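Now for the letters of each chain:
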Amino acid sequence: HAAPLPSTPVQHQHRPTSSSHSPHMPMAPPPLLPLSALLLLLLTAASHASAKPVQTQSLLATPLSPDRVSAPSELARDDDTNVFAAAEDAVAGTVRFRVVHRDDFSKNATAAELLAHRLERDEKRAARLSAAAGAANGTRRGGGGVVAPVVSGLAQGSGEYFTKIGVGTPATPALMVLDTGSDVVWLQCAPCRRCYEQSGQVFDPRRSRSYGAVGCAAPLCRRLDSGGCDLRRSACLYQVAYGDGSVTAGDFATETLTFAGGARVARVALGCGHDNEGLFVAAAGLLGLGRGSLSFPTQISRRYGRSFSYCLVDRTSSANSASRSSTVTFGSGALGSTVASSFTPMVKNPRMETFYYVQLIGISVGGARVPGVANSDLRLDPSSGRGGVIVDSGTSVTRLARAAYSALRDAFRGAAAGLRLSPGGFSLFDTCYDLSGRKVVKVPTVSMHFAGGAEAALPPENYLIPVDSKGTFCFAFAGTDGGVSIIGNIQQQGFRVVFDGDGQRVAFVPKGC
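This structure is a prediction, so every number in the text was calculated from the model and none was measured.

Re the overall build of the protein
Consideration 1: Helix and strand counts for the protein come out as 9 helices and 35 strands.
Consideration 2: Of the accessible surface of the protein, which amounts to about 22,900 Å², a share of 55% is contributed by carbon and sulfur atoms.

What follows is the structure, given as structure tokens:
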């Protein structure tokens, strides 16, 4: 450190010195540092003192298994004798069901193949959500609740999560995709004009005592974005098309749904699809969990309120731990003991009522805020409906507006300078590392910061994921030019994600499974 410089020259006294100096010659004064050099020295010292070490956490670097797997999920089995037999959940006004990942239904596939399919589907879904968010779109509190299990899997390759419910009276078990990015509830129905192969029996409305057709003039029919009318039968028709080319069409009707634990909800409006094709492998249909008027949470809100939560287990959990299933919960039990500080307000997009928008205000890497992740890049423009950040269960990889992603990626690369970069990237990932031969690796922390003070500190497996059996791990974020940023399910794993529709807020509860 530089010693403080005196403001006036010091008078040096004549003292006896060693034999090399004349006793009558004064000592030379110390040289004065130029002011600019002194300032530089002080600034350097200050920056070294204030530079914080990069915060890290330990990643268990387990590569993908090279083995082919066929591990049918419990929910894929046809033994449903006890699924809908019991009474409603012990928490009054709560329904809970188990959830599984689509890959749990795969047959004879490697983890790498499943990942490749998943990323391919992911591109299409992200494009569909971006297109929908940019386009103009034309959706009361009561006690109660519903719970179903949610399961994660790598075997079918879609990144969607499934749950099993009962449809009709008597109840036909149906495996349904959970989707926060859409509203309409639908399932395949007999007789089929075109049906894809599904797990379990196709629902036949002719055998259900509680099935009710919806007329063309009914208010329910008018709430459909793309409804129609079969004039001969005066029957309301629905059609839903997805960005990946999948489509379902048929009769719009009402039906009784039954949940694990025996809770029953009557007169839920749903599409009974006689003409279905696309990438809906295994599932019987889709449970729309969006914010619109026809979504499942909105329809059951009189009995259960408009709150639900889910917990998505690690996408590879099915390979190593059959016991790790997760659940989706509707009703008063959905909030649980979530503390207020975990919540961030929902943001409304007047041009797209379905999606759950939140305000992401920053991201930290290694304990330091990334300066280039600017609120302006992630803010929703209410007038155009573009921009903003949505939380989505059906997208796997989090996508950020291009400028924000570039800043995040560069910050992570800088903080992870000790890791060996793998050249060339992988699929949509441009930042990958060669961790071959390493068991445990220290990696920089990553946290997402939301309006209202909420924070999601991600576990390392939520942002560095294995992509092959050789030890290549990739930074599981991507950039997008599509307008809307998306927080995907890889980043949500292990959190209980709470959608409090009554309070218009979202929470990310760590270790909530």
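Examining the sheet that holds strand β20 (residues 368-369)
Consideration 1: Taken together, the 4 strands give an open sheet; going across it, the order is β20-β19-β28-β29, and neighbouring strands pair in antiparallel fashion. Strand pairing shows two members of the sheet lacking a second neighbour, β20 and β29 (455-458), which therefore form its edges.
Consideration 2: Where helix α8 (residues 402-415) meets the sheet, its contacts fall on β19 (360-365) and β28 (446-450), and the angle it forms with β19 comes to roughly 20 degrees.

Points about unusual backbone geometry
Most of the time, phi is negative for any residue but glycine, and the peptide bond is trans.
Consideration 1: Between Thr169 and Pro170 the backbone carries a cis peptide bond, its omega angle lying at -5 degrees.
Consideration 2: With respect to the element layout, Pro170 can be found in the loop between β6 (161-167) and β7 (172-179).
Consideration 3: Residues Ala190 and Pro191 are joined by a peptide bond in cis, for which omega reads -5 degrees.
Consideration 4: Position of Pro191 relative to the elements: it lies in the loop between β8 (186-188) and β9 (212-213).
Consideration 5: Positioned with a positive phi, Ser234 is a non-glycine residue whose angle comes to about 50 degrees.
Consideration 6: In this fold, Ser234 is placed in the loop between β10 (227-230) and β11 (235-241).
Consideration 7: Note on Ser234: relative accessible area 42%, which makes it partly exposed.
Consideration 8: For Arg267, which is not glycine, the phi torsion reads 55 degrees and is therefore positive.

Let's talk about the pairing of β19
Consideration 1: With 5 of 6 residues buried, β19 lies mostly within the body of the structure.
Consideration 2: Relative to β28, β19 runs antiparallel, the two sharing 5 bridges. Residue pairing across strands places Leu360 opposite Phe450, the latter belonging to β28.
Consideration 3: Across 2 bridges, the pairing between β19 and β20 is antiparallel. Each bridged residue has a counterpart across the sheet, and for Ser364 the counterpart in β20 is Arg369.
Consideration 4: Hairpin remark: β19 followed by β20, antiparallel, with 2 residues in the connecting loop; positive phi at Gly366, about 65 degrees.

As for the pairing of β10
Consideration 1: Relative to β11, β10 is paired through 4 bridges, and the arrangement is antiparallel. Opposite Gly227, over in β11, you have Tyr238 as the bridge partner.

Looking at the sheet that holds strand β30 (residues 464-466)
Consideration 1: Read from one edge to the other, the open sheet built from 4 strands follows the order β25-β26-β31-β30, with strand pairing classed as antiparallel. The open sheet has two free edges, formed respectively by β25 (421-422) and β30, since each of these has just one partner strand.
Consideration 2: Here β30 pairs with strand β31 (residues 472-475) via 3 bridges, running antiparallel. Following the sheet pairing, Pro466 is matched in β31 by Phe473.
Consideration 3: Strands β26 (432-434), β30 and β31 of the sheet are contacted by α8, whose axis makes an angle of about 135 degrees with β31.

Concerning the state of the cysteines
Consideration 1: Evaluated as defined, the whole model comprises 5 disulfides.
Consideration 2: The disulfide partner of Cys192 is Cys195, and the S-S distance across this bridge is 1.9 Å. Taking the torsion about the S-S bond as the criterion, the Cys192 to Cys195 disulfide, at about -80 degrees, is left-handed.
Consideration 3: Of the residues examined, Cys192 reaches a relative accessible area of 37% and is grouped as partly exposed.
Consideration 4: Residue Cys195 is classed as partly exposed on the basis of its relative accessible area of 30%.
Consideration 5: Cys216 shares a disulfide with Cys229; S-S distance 1.9 Å. One disulfide, between Cys216 and Cys229, carries an S-S torsion of 85 degrees and so falls in the right-handed class. Of this pair, Cys216 sits in the loop between β9 and α3 (219-222) while Cys229 is found in strand β10, placing the two residues 13 residues apart along the sequence.
Consideration 6: Relative accessible area serves as the criterion here: at 34%, Cys229 is assigned to the partly exposed category.

A closer look at α8
Consideration 1: With 14 residues, α8 should cover 20 Å at 1.5 Å per step; its first-to-last C-alpha distance of 20 Å lies within 8% of that length.
Consideration 2: Along α8, the residues that are buried comprise Ala404, Tyr405, Ala407, Leu408, Arg409 and Phe412.

Structural notes on the pattern of salt bridges
Consideration 1: All chains considered together, the criterion is met by 15 salt bridges.
Consideration 2: With a shortest N-O distance of 2.9 Å, Glu113 and Arg68 are connected by a salt bridge. Pair noted here: Glu113 is in helix α2 (residues 111-134) and Arg68 is in strand β2 (residues 68-69), with a separation of 45 residues, a long-range link.
Consideration 3: Given a relative accessible area of 30%, Glu113 falls into the partly exposed group.
Consideration 4: Looking at Arg68, the relative accessible area reads 47%, which means it is partly exposed.
Consideration 5: Here Arg194 and Asp275 are joined by a salt bridge, their closest N and O atoms 2.8 Å apart. On the criterion of sequence distance, the pair formed by Arg194 in the loop between β8 and β9 and Asp275 in strand β13 (residues 264-277) is long-range, its members being 81 residues apart.

Rules and cut-offs
- Counting starts from 1 at the beginning of each chain's written sequence and moves along it residue by residue.
- Local features are withheld for residues below a pLDDT of 70 in this predicted model, meaning they are given only at 70 or higher, and side-chain atom pairs are given and counted only at 80 or more; totals for whole chains, interfaces and linings count all residues.
- Excluding hydrogens and water, the side-chain values take into account all heavy atoms of the structure.
- Numbered from the N terminus, helices here are DSSP runs of H or I no shorter than four residues, and strands are runs of E no shorter than two.
- Note on areas: Shrake-Rupley, 1.4 Å probe, and residue coverage restricted to the protein chains presented here.
- Only strands that DSSP links by at least two bridges are regarded as paired with each other.
- Residue contacts are defined here by distance: any two heavy atoms, one from each residue, within 4.5 Å place the two residues in contact.
- Think of each axis as a best-fit line through the C-alpha atoms, taken over the contacting stretch in the case of a helix, with angles from 0 to 180 degrees between the N-to-C directions.
- Type-normalised accessible area, obtained with a 1.4 Å probe on protein chains alone, sets the label of each residue: buried when under 20%, exposed when over 50%, and partly exposed for intermediate values.
- Cysteine sulfur atoms that pair up within 2.5 Å are treated as a disulfide.
- By definition here, a helix of n residues has an expected span of 1.5 Å times n minus one.
- Salt bridge, as used here, is a side-chain nitrogen of Lys or Arg placed within 4 Å of a carboxyl oxygen of Asp or Glu.

So far we have only geometry, and geometry alone does not tell us how the molecule works.
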